[in-house]
Amino acid sequence: MQRNSKQQNTVAASLRPLAFVYVAINLAVVALLFSTVSPTLAIGPVQAGSQEMASLR
């Protein structure tokens with residue numbers, strides 16, 4: 001049984017850098033998504049369009 005746990009520790013140690021890279025990529029994607037979100041809603045053109053439709057009637 002001890003041999004099996006030693007093998008698991010080796011696998012865990014070899015996968016640890018890959019896990020850190022995965023987490024770093026996910027954090028970069030989250031930062032990119034948050035940087036593209038505007039704090040205000042883009043409702044300006046929608047309101048102008050509805051006013052135009054009301055004036056056409």
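Above this note sits the structure.
For clarity, every value in this text was computed on a predicted model and none was experimentally measured.

The rules behind these values
Residues numbered from 1 in each chain as written. Predicted model: local features only at pLDDT ≥ 70, side-chain atom pairs only at ≥ 80, totals over all residues. Heavy atoms only, no water. Helix = DSSP H or I, 4+ residues; strand = E, 2+ residues; numbered from the N terminus. Buried < 20%, exposed > 50% of the residue type's maximum accessible area, 1.4 Å probe, protein only. Areas by Shrake-Rupley, 256 points an atom, 1.4 Å probe, with all protein chains shown as cover. Patch = residues over 30% accessible without salt bridge, like charges linked within 9 Å, V, L, I, M, F, W, Y side chains within 5 Å. Salt bridge = Lys/Arg side-chain N within 4 Å of Asp/Glu carboxyl O.

Further remarks concern the overall build of the protein. Of the regular secondary structure elements, the protein holds 2 helices and 0 strands. Counting all 57 residues of the protein, 0% fall into the buried class. Within the structure as shown, the protein displays about 5,700 Å² of accessible surface, and the carbon and sulfur contribution to it stands at 68%.

The grouping of Val21, Ile25, Val29 and Leu33 at the surface amounts to a nonpolar patch, some 360 Å² of accessible area in total. Here isoleucine 25 lies in helix α1 (residues 2-36).

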